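Observations on the three-dimensional arrangement
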Amino acid sequence: MNEFFFNLVWLLPLFPLLAFAIIVLWTNRNRLLSTWVAWIGIGLAWILGWTILGYTWTDFHHLTPPEDGYRVLLYNIPTGQTELALGFQVDTLTSVMLFMVPFVCLMIFIYSKGYMNYGTDEEDPHYSRFFAYISLFACGMIGLVISDNFVTLLVFWEIMGLCSYLLIGFWFDKVYADPKRITPKEAGLKAFLTTRIGDVIMLAGILLLYSQTGTLSFQQLFSEETLHHLATTYAFGNVSWATLCALLIFGGAVGKSSQFPLHVWLPDAMEGPTPVSALIHAATMVSAGVYLVARSFPLFVAVSGGAQLYVVSFIGAFTALFASTIAVAQNDIKRVLAYSTISQLGYMIAALGIGAYVAAVFHLITHAFFKALLFLGSGSVIHGVEHGHHHAHHGHHDHEAKKEKDFDANDMLNMGGLLKRMPATGWTFIIGALALTGIFPWAGFWSKDEILAEAWYSYSHEGAFGLAANWDLVIWLLLTLAALLTAFYTGRQIFLTFAGKPRTEAAKHAPESTRSMVWPLVILAVFATFLGLAGMPWANQFFFLLGEEAEMAGQHLHHGDFNWLIAGISTAVAVLGWFVAWLIYGRKPLAVPVDPLEKPLGRVYTLLKNKYYIDEIYQMFIVNPSIGLARACAIFDQRVVDAIVNTVGAFGRWLSSALKRFIDNPIVDGAVNGVGWVTSQAGEFMRATQTGKVQNYLLVAAVTVVLLLALFLVRG
Amino acid sequence: MQVPLSWYLIVAAALFCIGLYGALSRRNAIAILMGVELMLNSVNVNLLAFWRHVEVVGGTLSGQVFAIIVITVAAAEAAVGLALIIAVYRNRRTVDVEDVDLMKL
């Protein structure tokens, strides 16, 4: 029976793909129908996904990656001596992802109807197109998690890249008064190009893997003998192929999961509509990078204590801390969440780097729920403030016209006191914030704590997978510091947005959002609250599913116990963060829209507010030189290449004109014209004999006869 | 005394030349037709002269038969020619061959 459903796994990405096709081809004029098509597409995927998860649960002993799993082969690509088998796969990692992806997508789809102002005056002009794009996006993510090989994985990966470009630049005609502020169009391009850097590196890794092993299916690639082969053959020096390929594949994850140094696209991606931020930049697309590393985890640990583990864990932990410091000084409600996302993804990457595979996937799932909740909540807030702004300024736009243009509905300093105006949004947002900061008993507490506990365990028990013990301590310290900052900036966000009194007219008049926006928030809030219980150390379902039967690099995974010390420290750190935020922003609610930290921190604040000037550095050292190089190439093109082409062309023209003058005109044309001339002259001449008079002809005949007779007589 | 053959031939040749001259030089279509008749009759003279010269005693009547056939043809020709001339005259109100050059298009 379970095989019946496992064989249907290929239907999962097909449902949203069909929804995309139907909307684009047929229903895009009917907005309500388009909405329903998208909902039904993802809804069917959700039901089938959870069915498959249910059957996997009953039989997880035989479905644990890397080597077990039910494969559905679709077709073979012949590649010379061997065949490249492509298909889909059901195993526990896939099923865990299928728990989260379609469901969160469904919530976001439902929310989008209200956010895109269905049935109101402000309905988005490209309403149906939006639903088509997000359906295609969902197809990409679902297809990615059920791929059983790197080829289809890459295809779906790129579908998501395309959709992120289309969706971030969804409001492509928007321009801002401030020329330095990035527009949606530019943000889409930036996201696409930045992730492309990672993708190219990843593609190199995949190709190298193929050249070394001759296969790209996960089960064969991550089997013990293949990994042993990869770990013991060397690309150069003492760098094994396993290390090299793992590092290159990690490049793709860095791009997609927005890790330092390719993190720059994600905050700017907030220019897209908020459901897109929730969909792409919290719950699914950025998770794809973490999923990739989790899927390739056997490859990463194939070489015990290899450079790849140090790189992965360092990038992750560094990004976690780095992004959370930036989040402290951001005023845009969505940008704070964007940096928070980068930071949390850093947690997962760092967890994978130190070998805490189960904890990373656990955090990935819980994070998807509460970050989607936070993003949707922030969207609801922005939506409310925008409406309040319209309401407050309705009627008198003479002297307000300019001010209205400059009003930023995303700026938290323009908000305040929204809990009273939007209670449902406010309370669910606070639940999301509690989950994010890791307060007991919300989901983030369990998942984040498990990562920290694993790091501590590795430190105190002589390092898992051969990492130096002190290194684990460094990672643990960085992550704990990041947890402190996470609590601080989240608290700041809550107090600035929801506490105190409204600081603008817009906030004063902000209405609560419509039902289709509030219900997804409530449902996600329920998950953000209780989902963590599924991963409690005493009954860790995630460990049963993913870790119990798995054997990575010849060792069984460690089942994390509850560590009171670590739980205590992380809770204390989180509470401290909230407390400091309360001291600065909550105790005395702001009266004027100026951050009280701006003065005491001085230059540091400016540095953080400008995101360490990374964008400017990239602009100066990478983007501008690239543009300069392109310009130089263009000049070379015009001056040299074009000149050569033009010279050849000019020579051709000269040659042909010479030929025309000396050969064509006198000889060829002369011959043709000559024939015509001779014929016509002959005609003119002969024509004179044709008088039409019978007597002339008769005379000629008579003369001829006489002449012939004379000739006859003379000749005898 | 028998008239020698050459005399007949000379008369016939003279007749032919007169006919030919008439046919070539006259403008009136009827006169041309008369020239043509003269030429035909000169031939008849030749035919009879040669017949009389070759077949002195009895035998066939081939020369006379030829002459009669030529006369018949000439009659037919005259009938057709005169009919044509009348048709031309009805169309163009002239029988002057200088004006009738329809063969030159």
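Okay, so let's go over this structure. (Residues numbered from 1 in each chain as written. Chains lettered and ligands numbered in written order. Predicted model: local features only at pLDDT ≥ 70, side-chain atom pairs only at ≥ 80, totals over all residues. Heavy atoms only, no water.)

**Things to note about the side chain of A:S570**
Residues and elements named next belong to chain A. Assignment of secondary structure puts S570 in helix α26 (residues 564–586). The exposure class of S570 is buried, given its relative accessible area of 10%. Reaching out from S570, the side chain makes a polar contact with the backbone oxygen of A567 at a distance of 3.2 Å. When near neighbours in sequence (up to four residues on either side) are disregarded, S570 contacts D449 and L452. (Helix = DSSP H or I, 4+ residues; strand = E, 2+ residues; numbered from the N terminus. Buried < 20%, exposed > 50% of the residue type's maximum accessible area, 1.4 Å probe, protein only. Polar contact = N/O pair within 3.5 Å; in protein donor to acceptor, adjacent residues only side chain to side chain. Contact = heavy atoms within 4.5 Å.)

**Describing the pattern of salt bridges**
All names here are of chain A. All chains considered together, the criterion is met by nine salt bridges over all chains. Residue D199 pairs with R196 through a salt bridge whose shortest N-O separation is 3.2 Å. Taken together, the positions of D199 and R196, both in helix α7 (residues 184–213) and three residues apart, correspond to about one turn of that helix. For R196, a relative accessible area of 22% gives the class partly exposed. (Salt bridge = Lys/Arg side-chain N within 4 Å of Asp/Glu carboxyl O.)

**Comments concerning the nonpolar core**
With 226 residues, the main nonpolar core has A:F150, A:L299, A:Y357, A:I365 and A:F369 as its most contacted residues. With 19 residues, the single largest contributor to this core is helix α17 (residues 357–392) of chain A. With sequence-adjacent residues up to four places away left out, A:Y357 is seen in contact with A:P65, A:L93, A:A294, A:F297, A:L352, A:L546, A:M552 and A:L557. The next biggest cluster of nonpolar side chains, apart from the first, holds seven residues, and it includes B:A23, B:I32, B:M39 and B:V97. (Core = buried A, V, L, I, M, F, W, Y, C linked by side-chain atoms within 4.5 Å.)

**Topic: the interface of chain B and chain A**
With 13 residues of chain B at the contact, the number on the chain A side is ten residues. When the two sides are added together, the surface that chain B and chain A hide from each other amounts to roughly 840 Å², 63% of it contributed by carbon and sulfur. Between the two partners, chain B and chain A, sit zero salt bridges. Our count for the chain B to chain A interface comes out at three residue pairs in polar contact (both at pLDDT 80 or more). The greatest single-element share of the side of chain B that touches chain A, amounting to four residues, is contributed by helix α1 (residues 5–25) of chain B. Here the side of chain B that touches chain A is built from residues that sort into eight nonpolar, one polar and four charged. (Buried area = accessible area lost by both parts, 1.4 Å probe. Nonpolar A, V, L, I, M, F, W, Y, C, P; charged D, E, K, R; others polar.)

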